[in-house]
Amino acid sequence: MFKAGPSQEDVEKLAHKLGLDPDSIHREFDKRVPEPLPGYQNSERLSYANVVKQQVVHIDTELEQSYLSRAREEYIKCRKQPPGEIKEKFTEQITRVFLHPEQGPFYASRMILQDKGFCLLKLISSYIEALKENLLRLPRDIEAAQESALQKFGEAKSAFISKDRKKDAYIEAKIQEYLMHADRERMEQMIEFYEDLYTLINNDNTRIYQVFTEPLNELNRIFEKNGQILMNGEESVDHKGNRTYYWNVVSVPDMAKMIARMTEDRNAGELIREFTQEPLAKTNQWVKEQEVDIVGSISEFLTEQFGELITKSMEEYLVIQYGHEDSLEKLVEQRIAGRLYEEAKPVFHLTNSSGHFNFPSWGFVSVPVKAPNIFKGIRNFQDNAIANSRFTIKESEVKNRIFWLNTQNGVPLFLYTPLKVYEESYERTILEPEGIGRHLVQTDKVNWTYLPSPIPERSWGDTYVNQRVRSYNAEVRVLFDEALAQGCIREKSADSGAIHRFECVLTKPLDLDRKLSEYAMQLHEARPNLGEIKRCVTELRSLLEKGLETEGVKDIFGGVNEEMAKDNLIRSPEPLRQVREELRKYALIHGKVEELEKVLAAHQDEERLIAQFIEAMYTGTIMRRGALYVYDHGPDEDPWDAFANVMQAGRFLDFEIYTKLRALEPKRHAQLQRKSSERARQLIASEDISGLTAKLQEMAAAYQDAKAALDYDRGDYVNGEEMYRFYKDVAGKVSEMARSLK
């Protein structure tokens with residue numbers, strides 16, 4: 001099941017069964033396409049006189065309207081309908097493979113896609129490549145067919161005898177030409193059809209079949225590892241050789257033969273079919289991105305199929321392991337319960353020098369449900385134990401273990417009293433080289449200078465105040481709110497069932513420079529690429545909204561609500577460091593977005609000013625009067641200072657006008673904009689725009705001359721680079737405006 005894969009023959013057989021091989025699709029596409037010019041040999045309308053002699057009927061038009069256009073319509077319809085139909089057939093066929101005992105999920109997934117070997121998606125890709133190659137050859141064939149048809153037309157036109165036969169030969173040649181045109185249309189649509197089908201099948205594989213095989217592979221690996229541990233009878237020990245926290249009451253190797261006998265009557269093929277059918281039935285939830293517990297489903301299946309073996313096996317296993325010498329109740333009471341009680345001691349004890357502290361203790365024991373002898377044996381141990389041990393016995397649905405937990409609880413409140421004295425000493429010496437609390441191996445990375453306070457701020461009341469800790473705690477609470485707003489910390493859903501309600505979202509390392517290098521923004525050039533900058537800003541904003549790629553999550557311990565989560569984050573240096581690091585990543589992105597938006601704003605303002613300058617010039621809102629360029633003010637408007645003096649400006653007069661326009665106060669900017677916009681509307685609405693066209697052409701020529709002069713001489717001017725960029729921009733914009741009016 002885990003290694004099964006299809007052969008080339010299996011893949012091709014599936015393709016033929018689905019009807020997606022090129023021959024079948026070709027037939028499907030041509031099924032409703034009409035014949036070109038049927039019965040043209042005996043048609044009065046397509047006679048020699050009409051087609052060749054007088055040429056009142058154009059064969060190209062006839063074939064285009066009666067054949068090619070209809071063929072194109074049918075091909076488009078056919079491209080849109082069959083992918084869905086074939087997808088339904090595919091789902092039906094692949095489900096059969098999925099549920100087949102000898103093939104199964106891995107075979108189905110590899111039938112769709114695999115790196116090495118034959119698969120359906122690779123076959124579809126080969127169809128696409130073959131069609132593209134045929135499509136590349138068609139233009140030459142069409143050109144040859146056109147030349148042949150033209151030759152046939154010449155022969156028909158100069159014919160003295162057999163005129164109708166030569167006319168028919170010409171029409172037949174044109175039909176062959178248009179059949180090739182139709183082939184091109186069909187191939188293009190078939191390529192799109194196969195690409196759509198490829199996407200549909202690949203999406204299904206990504207969302208369903210591949211998703212199923214991943215946890216199944218992992219479970220197989222876990223089962224193999226656990227099986228080896230259990231069958232080999234190994235014990236688990238820690239790195240110091242201490243005993244484990246569990247004890248295998250029953251040795252699995254001793255039970256292997258009995259388990260084999262109990263399961264050998266089960267039909268393996270039917271079990272596999274039932275096993276794969278249950279999770280596959282829930283794929284609709286996967287596609288809708290609803291939460292599905294695949295491992296839980298598999299566990300439920302195993303419990304259902306082998307429930308009898310699991311529920312009644314523990315008592316039977318105990319009898320097989322320890323024999324029939326004593327009753328099961330006595331066996332549990334004397335040999336199992338006593339050992340579990342003794343070994344389930346608390347890991348550490350809180351004591352003082354006088355030994356007068358007494359901590360409340362209690363035990364909790366979980367036994368399998370429907371195991372009355374085990375339950376009674378534990379109860380007898382409780383009743384007869386000399387130590388008068390106190391514990392609660394509960395029947396559990398966990399059927400393969402006895403769970404025993406002993407606890408000792410409680411810390412007297414007065415034990416916190418010395419902490420106040422300790423912390424005051426710590427605060428006084430915190431910055432001294434050998435201060436209290438300094439660690440022997442303290443480094444820059446492992447710094448014990450500012451440890452979290454062990455005294456909760458809520459317990460201070462009016463008797464204790466630590467300003468440093470209060471300031472630090474307030475800073476962390478603000479940090480928590482920022483992280484919650486940004487998504488670095490998030491609250492779990494109400495139905496998650498977790499005690500800890502808040503978790504830190506850890507993302508993959510951020511390489512912002514590499515990310516920015518993907519965009520050709522040309523920030524250091526005189527004219528940045530504004531389109532790329534906008535695309536980059538959009539992508540960065542999307543990262544801020546959707547979040548960076550998640551690498552993992554980490555619960556905030558004890559975060560049963562927001563306030564408790566904040567308090568526990570204050571006392572957890574490592575999670576706090578991770579939250580700061582996550583916020584730093586988003587702060588870097590925020591900073592870069594602001595920087596790029598400033599670049600956009602600066603250049604967009606410049607574009608707006610250049611557009612205003614051009615409009616003012618071609619509408620005459622800024623016009624020449626004598627030797628001055630001035631604002632064309634109305635009778636009810638005050639005159640402005642001149643924009644430029646022809647006698648003083650020199651060669652680059654327009655740049656000086658633009659410089660003065662750019663320095664106008666906002667009120668005059670608005671006044672100039674209103675008047676030039678109104679005049680521009682009147683000019684454009686006029687029936688005769690020849691004057692406007694001539695003006696724009698004149699301006700374009702002047703700006704182009706100035707740009708050409710600066711091509712080589714801009715280094716001779718203080719602001720030569722700025723002037724060159726100005727004339728390059730206005731020359732291009734005005735030339736484009738002039739062309740659009742022609």
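Computed from a prediction, not measured in an experiment: that's the story for all the values here.

Focus: the overall build of the chain
Helix and strand counts for the chain stand at 26 helices and nine strands. Counting every position in the chain, which comprises 742 residues, the buried fraction comes to 38%. In the chain, the share of contacts with a sequence separation of at least 24, taken over all contacts with a separation of at least 6, comes to 74%. Accessible surface computed for the chain: about 44900 Å², of which carbon and sulfur atoms make up 50%.

With respect to the packing of aromatic side chains
This structure, assessed with the given rule, holds 18 aromatic pairs. With centroids separated by 6.4 Å and ring planes inclined at 50°, the aromatic side chains of Trp 640 and Phe 643 adopt a geometry described as tilted. Each member of the pair, Trp 640 as well as Phe 643, carries the same accessibility label: buried. Among the aromatic residues, those joined into a ring-pair cluster are Phe 613, Phe 652, Phe 655, Tyr 658, Tyr 703, Tyr 717, Phe 726 and Tyr 727. Across from the ring centre of Tyr 724, 4.0 Å away, lies the NZ or CZ of Arg 714, which sits over that ring.

Regarding the nonpolar core
In terms of nonpolar packing, the biggest core is built from 55 residues, with Leu 20, Leu 120, Ile 124 and Tyr 194 touching the most fellow members. For this core, the secondary structure elements donating two or more residues are helix H1 (8-18), helix H2 (22-30), helix H3 (48-53), helix H4 (59-80), helix H5 (82-99), helix H6 (104-112), helix H7 (120-157) and helix H8 (163-232). Considering each element in turn, this core owes the most residues, 12 residues, to H8. Excluding anything up to four places from it in sequence, Ile 124 contacts Leu 20, Tyr 194, Leu 197, Tyr 198 and Ile 201. Counting 38 residues, the second largest nonpolar core, distinct from the first, contains Ala 644, Leu 653, Ile 657 and Val 730.

Here's the deal with the sheet that holds strand E6 (residues 550-555)
Spatially, E4-E5-E6 is the arrangement adopted by the three strands of the open sheet, whose pairing is antiparallel. Whereas interior strands pair on both sides, the edge strands pair on one side only; in this sheet they are strand E4 (489-491) and E6. Averaged over neighbouring strand pairs, the angle between their axes works out to 35° when direction is ignored. Of the pairings in the sheet, the one linking E4 to strand E5 (residues 502-507) comprises three bridges and is antiparallel in character. In the strand pairing of E5, Arg 490 is matched with Glu 503.

Section: the pairing of strand E7 (residues 622-625)
One ladder, built from four bridges, connects E7 with strand E8 (residues 628-631); its direction is antiparallel. Bridging from a neighbouring strand, Ile 622 pairs with Tyr 631 of E8.

Details of the pairing of E8
Hairpin connection from E7 to E8: two residues lie between these consecutive antiparallel strands, with Gly 626 at a positive phi of about 70°. Bridge count between E8 and strand E9 (residues 644-645): two bridges; the pairing is antiparallel. Residue pairing in the sheet places Tyr 629 in a bridge with Ala 644 of E9.

Looking at a nonpolar patch on the surface
A contiguous nonpolar patch, built from Phe 364, Phe 403 and Leu 405 and spanning about 260 Å² of accessible area, is present on the exposed surface. One can find Phe 364 in strand E1 (residues 361-368).

Quick look at the sheet that holds E7
The strand order across the open sheet built from three strands is E7-E8-E9, with neighbouring strands paired in antiparallel fashion. The strands lining the two open edges of the sheet, one partner per strand, are E7 and E9.

Some remarks on the environment of Pro 36
Within the fold, Pro 36 resides in the loop between H2 and H3. With 31 residues separating them in the primary sequence, Pro 36 and Tyr 67 have C-alpha atoms 5.3 Å apart. The residues touching Pro 36, leaving out its near neighbours within four places in the chain, are Leu 63, Tyr 67, Ile 175 and Leu 179.

Some points on the layout of surface pockets
Estimates place the volume of the second largest pocket at around 460 Å³. Take the lining of the second largest pocket: its biggest share by element is five residues, from helix H21 (residues 573-618). Residue classes in the lining of the second largest pocket are distributed as eight nonpolar, two polar and four charged.

Describing the packing of helix H17 (residues 467-486) against helix H20 (residues 562-570)
Their axes nearest at 9 Å, the elements H17 and H20 cross at an angle of 120°. Regarding the angle of H17 to H20, the classification is oblique. For the element pair H17 and H20, the recorded crossing hand is right-handed. Contacts between H17 and H20 involve Tyr 472, Asn 473, Val 476, Arg 477, Phe 480, Asp 481 and Leu 484 from the former and Glu 562, Ala 565, Lys 566, Asp 567, Leu 569 and Ile 570 from the latter. Among the residues making up the contact of H17 with H20, the classes are represented as seven nonpolar, one polar and five charged.

Remarks on H1
Listing the buried residues of H1 in full gives Val 11, Leu 14, Ala 15 and Leu 18. Projection of H1 onto a plane perpendicular to its axis shows the buried side chains occupying an angular sector of 100°, all on one side. Turned more than 90 degrees away from the buried face of H1, the exposed residues are Glu 9, His 16 and Lys 17. Following H1 by one or two positions, Gly 19 has its phi on the positive side, about 70°.

Some words on the packing of H2 against H4
Helix packing geometry: the angle between the two helix axes and the distance between the axes. It is at 8 Å that the axes of H2 and H4 come closest, and there the two elements cross at 125°. Relative to H4, the element H2 is oriented oblique. In this structure, H2 uses Glu 28, Phe 29 and Asp 30 to contact H4, whose residues at the interface are Tyr 75, Cys 78 and Arg 79. Counted by class, the contact of H2 with H4 contains three nonpolar, no polar and three charged residues.

Thresholds, definitions, all that
- Residues numbered from 1 in each chain as written.
- Predicted model: local features only at pLDDT ≥ 70, side-chain atom pairs only at ≥ 80, totals over all residues.
- Heavy atoms only, no water.
- Helix = DSSP H or I, 4+ residues; strand = E, 2+ residues; numbered from the N terminus.
- Buried < 20%, exposed > 50% of the residue type's maximum accessible area, 1.4 Å probe, protein only.
- Contact = heavy atoms within 4.5 Å.
- Areas by Shrake-Rupley, 256 points an atom, 1.4 Å probe, with all protein chains shown as cover.
- Phe/Tyr/Trp six-rings, centres within 6.5 Å; stacked < 30°, edge-to-face > 60°.
- Lys NZ or Arg CZ within 6 Å of the ring centre and 35° of its normal.
- Core = buried A, V, L, I, M, F, W, Y, C linked by side-chain atoms within 4.5 Å.
- Pairing = 2+ DSSP bridges.
- Axes fitted to C-alpha atoms, helices over the stretch in contact; angles between N-to-C directions.
- Patch = residues over 30% accessible without salt bridge, like charges linked within 9 Å, V, L, I, M, F, W, Y side chains within 5 Å.
- Salt bridge = Lys/Arg side-chain N within 4 Å of Asp/Glu carboxyl O.
- 1 Å grid on protein atoms, 1.4 Å probe; cavity = no way out; pocket = protein on both sides within 12 Å on 5 of 7 lines; lining within 4 Å.
- Points joined across faces, edges and corners; volume = space filled by probe spheres on them.
- Nonpolar A, V, L, I, M, F, W, Y, C, P; charged D, E, K, R; others polar.
- Parallel < 35°, antiparallel > 145°, perpendicular 65-115°, else oblique.
- Left-handed = near helix turned anticlockwise from the far one by under 90°.
- Arc of directions from axis to C-beta.

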